[in-house]
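Inside the fold
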Amino acid sequence: MALSMKPLADRVIVRAAAAEEKTKSGIIIPDTAKEKPQRGEVVAVGEGKTADSGSLIKPQVQVGDQVLYGKYAGTEITVDGEDLLIMRESDIFAVL
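Residues numbered from 1 in each chain as written. Predicted model: local features only at pLDDT ≥ 70, side-chain atom pairs only at ≥ 80, totals over all residues. Heavy atoms only, no water.

Here is the rule we go by: UniProt positions are given in the numbering used here, feature names are shortened, and annotations may be inferred rather than shown by experiment.
As annotated in an unreviewed UniProt entry, the chain carries the name Co-chaperonin GroES and comes from Hymenobacter lapidarius. In the Subcellular location (unreviewed entry) part of its UniProt record, the chain is described as follows: "Cytoplasm". The chain has a UniProt comment under Subunit (unreviewed entry) that states "Heptamer of 7 subunits arranged in a ring. Interacts with the chaperonin GroEL."

1. Topic: the sheet that holds strand β6 (residues 75-79)
Applied cut-off: What makes two strands pair is DSSP finding at least two bridges between them. Helix and strand assignments come from DSSP, with helices taken as H or I runs of at least 4 residues and strands as E runs of at least 2, each series counted from the N terminus. Helix axes use the C-alpha atoms of the stretch in contact, all axes being lines fitted to C-alpha atoms, and the angles between their N-to-C directions lie in the range 0 to 180 degrees.
As summarised here, the arrangement of the six strands in space is β6-β7-β1-β2-β5-β8, forming an open sheet in which the pairing is antiparallel. Pairing within the sheet leaves two strands with one partner each, and these edge strands are β6 and β8 (92-95). In this sheet, neighbouring strand axes are inclined to one another by 45° on average, regardless of whether the strands run parallel or antiparallel. Inspection of the sheet shows strand β1 (residues 11-16) paired to strand β2 (residues 39-45) by five bridges, in the antiparallel sense. Residue pairing in the sheet places Val14 in a bridge with Val42 of β2.

2. Description of the nonpolar core
This is how it is decided: Here the nonpolar core consists of buried residues drawn from Ala, Val, Leu, Ile, Met, Phe, Trp, Tyr and Cys, with membership extended through side-chain atoms lying within 4.5 Å. Type-normalised accessible area, obtained with a 1.4 Å probe on protein chains alone, sets the label of each residue: buried when under 20%, exposed when over 50%, and partly exposed for intermediate values. A contact between two residues is defined here by any heavy atoms of the two lying within 4.5 Å.
Counting residues in each nonpolar core, the largest one holds eleven residues, listed as Val12, Val14, Val42, Val45, Val61, Val67, Tyr69, Ala73, Leu85, Met87 and Ile92. Listing elements by their share of this core, those giving two or more residues are β1, β2, β5 (66-69) and β7 (82-88). Ignoring any residue separated from it by four or fewer positions in sequence, one finds Tyr69 in contact with Val14, Ala16, Pro37, Gln38, Arg39, Gly40, Leu85, Met87, Asp91, Ile92 and Phe93. Ranked by size, the runner-up nonpolar core spans six residues in total, among them Ile13, Val43, Val79 and Leu84.

So, in structure tokens, the structure goes:
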């Protein structure tokens with residue numbers, strides 16, 4: 001899917017993974033008790049951050065990377081009916 005927007009500076013757009021439907025033991029989790037996912041796929045990346053010296057620092061993540069991020073990281077947005085998160089690259093903890 002081609003995204004109709006490009007994030008600025010060091011921001012990335014992430015599609016959050018679906019919340020868990022069942023526990024490992026097989027108990028079905030109701031919608032009201034589901035945890036907010038902390039994992040997702042990068043769908044768009046900005047050009048990078050400008051350093052104090054004026055040089056451009058390229059992002060370490062790429063489109064398609066599976067990432068882990070903070071529970072309350074980013075801002076929720078809706079683009080073409082799809083729920084996405086826009087966040088700074090520094091809010092991403094790891095690439096899987």
